[in-house]
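Residues per chain, in single letters:
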Amino acid sequence: MEETKKTTIVLFSGDYDKAMAAYIIANGAAAYDHEVTIFHTFWGLNALRKEESVKLTSPKGFMEKMFGGMMPRGADRMGLSKMNFAGMGQKMIKQVMRKHNAVPLPKLIEMAQEQEVKLVACTMTMDLLGLQKAELLDGIEYAGVAAYLGDAEQGRVNLFI
Amino acid sequence: MEETKKTTIVLFSGDYDKAMAAYIIANGAAAYDHEVTIFHTFWGLNALRKEESVKLTSPKGFMEKMFGGMMPRGADRMGLSKMNFAGMGQKMIKQVMRKHNAVPLPKLIEMAQEQEVKLVACTMTMDLLGLQKAELLDGIEYAGVAAYLGDAEQGRVNLFI
Amino acid sequence: MEETKKTTIVLFSGDYDKAMAAYIIANGAAAYDHEVTIFHTFWGLNALRKEESVKLTSPKGFMEKMFGGMMPRGADRMGLSKMNFAGMGQKMIKQVMRKHNAVPLPKLIEMAQEQEVKLVACTMTMDLLGLQKAELLDGIEYAGVAAYLGDAEQGRVNLFI
């Protein structure tokens, strides 16, 4: 019996371009029948935020509100790792992406969910940054470093992005 | 029969120091008989640009010209990921590298080609950033995410830099 | 006989948050009986610097003094990869970490040493940046890329952070 191939990506970065790379690799691997997990930690959690403001049942503290307000709400609002120029570079990238029919990040995330890529939010960082489940996309999982290692140690393609 | 060892690096970053790390690991692995691939995507493509201006057969659009003009032409012009200080840090690093007889990036790339490290340019990003084959180093390969995964899933040392 | 699991991390980054991620994964893997190595190279070496000023036996050159002066001395002084705001972001993160009883980086490094995670300083970068053994934490190892590859090629979880 052949071993199922596994690809496990830690998405640490909150940059639009890096998250795109992560999701393109993930979608590619899923298309080749890998079991794929993206473990979103630190700024990478922003890719999983809902775009709309969410009414929370438990109130946030001051610091959590600060972080929540400063961090981009959702994949579409994330900046570039290079040549961001206060958002200009990101607009340019999106424009060339449209021109070349490249798939924008929010759509890449949808495709990953359709292909059953396991999207995981790191619960430790959620605590730190004060993000609550209601603020994140539906259909994702919640776990910590132990679950990540359980996935990672069975695969060969392990990336930290 | 022993399995050939494979090392596959995604070079996403356009930083001089990160590209150096990628090529030092790649050259080391090649010296230990690994089959090594560096898959250059996004800003990492800049490491493969020729230094001289190239006459193109098909004209570039406005956005492609913008990106082409803003991005560094070739490995020698890339900046540092930290303490770049508008290019100062890069000059300092090069100076200490000369003093310590460390190999500069363009030479590391040459060495990799001599050791038959497979240098791949990501065709999807070339499209996005408007880079044409004539602008990139000779002797490299062109491929997409499927080819990357084909290499990566057979190896153990898989890095995203 | 079951293969010992190996996790090998290249810590290239000098950012507080990225180093935290590296050490959290390393400590987690060690707790699950992986043999874990963190290979500190380039700016990642700063995590291993002693906090106090060290009297050196061999004097440093001008460039080495410059680098030494500009780089943070020890894990506790490293900045954030995102939203650092000239050190403000780092203070905020530390404050929320205290509130949530998260373990600060210097303590994560101590824990790693207690769990026998192998902490390695890249000798090539030490030369370049002019860092001497007396300036780095006690109980660490010194090695180059060959030793890194020796560890990495036997494991599955290989990350570049």
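No experiment lies behind these values; they were computed from the predicted model shown.

Calculation notes
- Residues numbered from 1 in each chain as written.
- Chains lettered and ligands numbered in written order.
- Predicted model: local features only at pLDDT ≥ 70, side-chain atom pairs only at ≥ 80, totals over all residues.
- Heavy atoms only, no water.
- Contact = heavy atoms within 4.5 Å.
- Buried area = accessible area lost by both parts, 1.4 Å probe.
- Polar contact = N/O pair within 3.5 Å; in protein donor to acceptor, adjacent residues only side chain to side chain.
- Helix = DSSP H or I, 4+ residues; strand = E, 2+ residues; numbered from the N terminus.
- Phe/Tyr/Trp six-rings, centres within 6.5 Å; stacked < 30°, edge-to-face > 60°.
- Buried < 20%, exposed > 50% of the residue type's maximum accessible area, 1.4 Å probe, protein only.
- Lys NZ or Arg CZ within 6 Å of the ring centre and 35° of its normal.
- Least-squares fit on C-alpha atoms with pLDDT ≥ 70 in both.
- Salt bridge = Lys/Arg side-chain N within 4 Å of Asp/Glu carboxyl O.
- Nonpolar A, V, L, I, M, F, W, Y, C, P; charged D, E, K, R; others polar.
- Pairing = 2+ DSSP bridges.
- Axes fitted to C-alpha atoms, helices over the stretch in contact; angles between N-to-C directions.
- Expected span 1.5 Å × (residues − 1).

Undergrad: Any chance you could explain the interface of chain C and chain A here in plain terms?
TA: At the junction of the two partners, chain C supplies 30 residues and chain A supplies 29 residues. Here chain C packs against chain A, burying approximately 2,700 Å² in sum over the two surfaces, 73% of which is carbon and sulfur. Sorting the residues of chain C by area buried against chain A places M83(C), M92(C) and R156(C) first, and these three jointly supply 25% of that buried surface. Our count for the chain C to chain A interface comes out at nine residue pairs in polar contact (both at pLDDT 80 or more). At the level of elements, α1 (16-31), α3 (88-99) and β5 (157-160) of chain C are the ones that each hand at least two residues to the side of chain C that touches chain A. Take the side of chain C that touches chain A: its biggest share by element is eight residues, from α1(C).

Undergrad: What should I look at first to understand the packing of aromatic side chains in this one?
TA: Pairs of aromatic rings are described using the distance from one ring centre to the other and the angle between the two planes. According to the stated counting rule, one finds nine aromatic pairs over all chains in the structure shown. Taking the centre distance of 5.5 Å and the plane angle of 35° together, the rings of F39(B) and Y148(B) count as tilted. In this pair, F39(B) sits in strand β2 (residues 35-40) while Y148(B) sits in helix α6 (residues 145-152), placing the two residues 109 residues apart along the sequence. When sorted by exposure, F39(B) lands in the same class as Y148(B), which is buried. Joined through ring pairs, the aromatic side chains of F12(A), F42(A) and F160(A) make up one cluster. Taking NZ or CZ as reference, K133(A) lies 4.4 Å from the ring centre of Y142(A), over its face.

Undergrad: I tried to follow the relation of the copies chain C and chain A on my own but got confused; where do I start?
TA: Each of the two chain copies can be generated from the other by rotation about an axis followed by a shift along it. Mapping chain C onto chain A is achieved by rotating through 120° and translating by 0.0 Å along the same axis, at an RMSD of 0.0 Å. The transformation relating the two chain copies, once decomposed into turn and shift, fits a three-fold axis. Different-surface contact between copies: only 17% of interface residues of chain C are shared with the interface of chain A.

Undergrad: Could you clarify how one ought to interpret the interface of chain B and chain C in this entry?
TA: Think of interface size as the accessible area that goes away when the parts come together; that is how it is often given. Across the contact, 30 residues belong to chain B and 29 residues belong to chain C. Summed over both partners, the interface of chain B with chain C buries about 2,700 Å², with 73% contributed by carbon and sulfur atoms. Residues E153(C) and K5(B) are paired through a salt bridge, measuring 3.0 Å at the closest nitrogen-oxygen approach. Here chain B is connected to chain C by nine residue pairs in polar contact (both at pLDDT 80 or more). Counting residues per element, the ones that place at least two in the side of chain B that touches chain C are α1 (16-31), α3 (88-99) and β5 (157-160) of chain B. Among the elements that take part in the side of chain B that touches chain C, α1(B) stands out by supplying eight residues, more than any other. Of the residues assigned to the side of chain B that touches chain C, the class counts are 18 nonpolar, six polar and six charged.

Undergrad: Please explain the relation of the copies chain B and chain C as it appears in this structure.
TA: Between the two copies, chain B and chain C, the superposition gives an RMSD of 0.0 Å; the rotation angle is 120° and the shift along the axis is 0.0 Å. Taken as a fraction of all interface residues of chain B, those also at the interface in chain C reach only 17%, which identifies the copy contact as different-surface.

Undergrad: What should I look at first to understand the pairing of strand β1 (residues 6-11) of chain A in this one?
TA: The side chains of a regular strand alternate, first on one face of the sheet and then on the other. Residues and elements named next belong to chain A. Across the six residues that make up β1, a large majority, six, are buried. Burial of the side chains of β1 extends over both faces: K6, T8 and V10 are buried on one face and T7, I9 and L11 on the other. Judged from the four bridges that link them, β1 and strand β5 (residues 157-160) form a sheet pairing that is parallel. Its bridge partner being in β5, I9 is matched across the sheet by L159.

Undergrad: What am I meant to see in the sheet that holds strand β2 (residues 35-40) of chain C here?
TA: Note on sheets: strands pair through backbone hydrogen bonds, and any given pair is parallel or antiparallel. Residues and elements named next belong to chain C. Strand order in the open sheet formed by five strands is β4-β3-β2-β1-β5, and the pairing between neighbours is parallel. With partners counted over all chains shown, the strands left at the sheet margins are β4 (141-143) and β5, one partner each. Averaged over neighbouring strand pairs, the angle between their axes works out to 20° when direction is ignored. Here six bridges tie strand β1 (residues 6-11) to β2, and the two strands are oriented parallel to one another. Counterpart to V10 in the pairing with β2 is F39.

Undergrad: Can you help me understand α3(B) in this one?
TA: Each α-helix winds once per 3.6 residues, and so residues spaced three or four apart point in a common direction. Taking 1.5 Å of rise per residue, the 12 residues of α3(B) would be expected to cover 16 Å, and the 17 Å separating its terminal C-alpha atoms lies within 8% of that figure. Check the buried side of α3(B) and you find it contacts α1 of chain B together with α2 (62-70) and α5 (123-129) of chain C. Taken from the residues just after α3(B), N101(B) is the one with a positive phi, measuring 55°.

Undergrad: Can you help me understand the sheet that holds β2(B) in this one?
TA: Residues and elements named next belong to chain B. Strand order in this open sheet of five strands is β4-β3-β2-β1-β5, and the pairing throughout is parallel. Whereas interior strands pair on both sides, the edge strands pair on one side only; in this sheet they are β4 (141-143) and β5. Ignoring strand direction, the axes of neighbouring strands in this sheet form an average angle of 20°. Sheet topology note: the β2/strand β3 (residues 118-122) ladder contains four bridges and is parallel. Bridging from a neighbouring strand, T37 pairs with K118 of β3.

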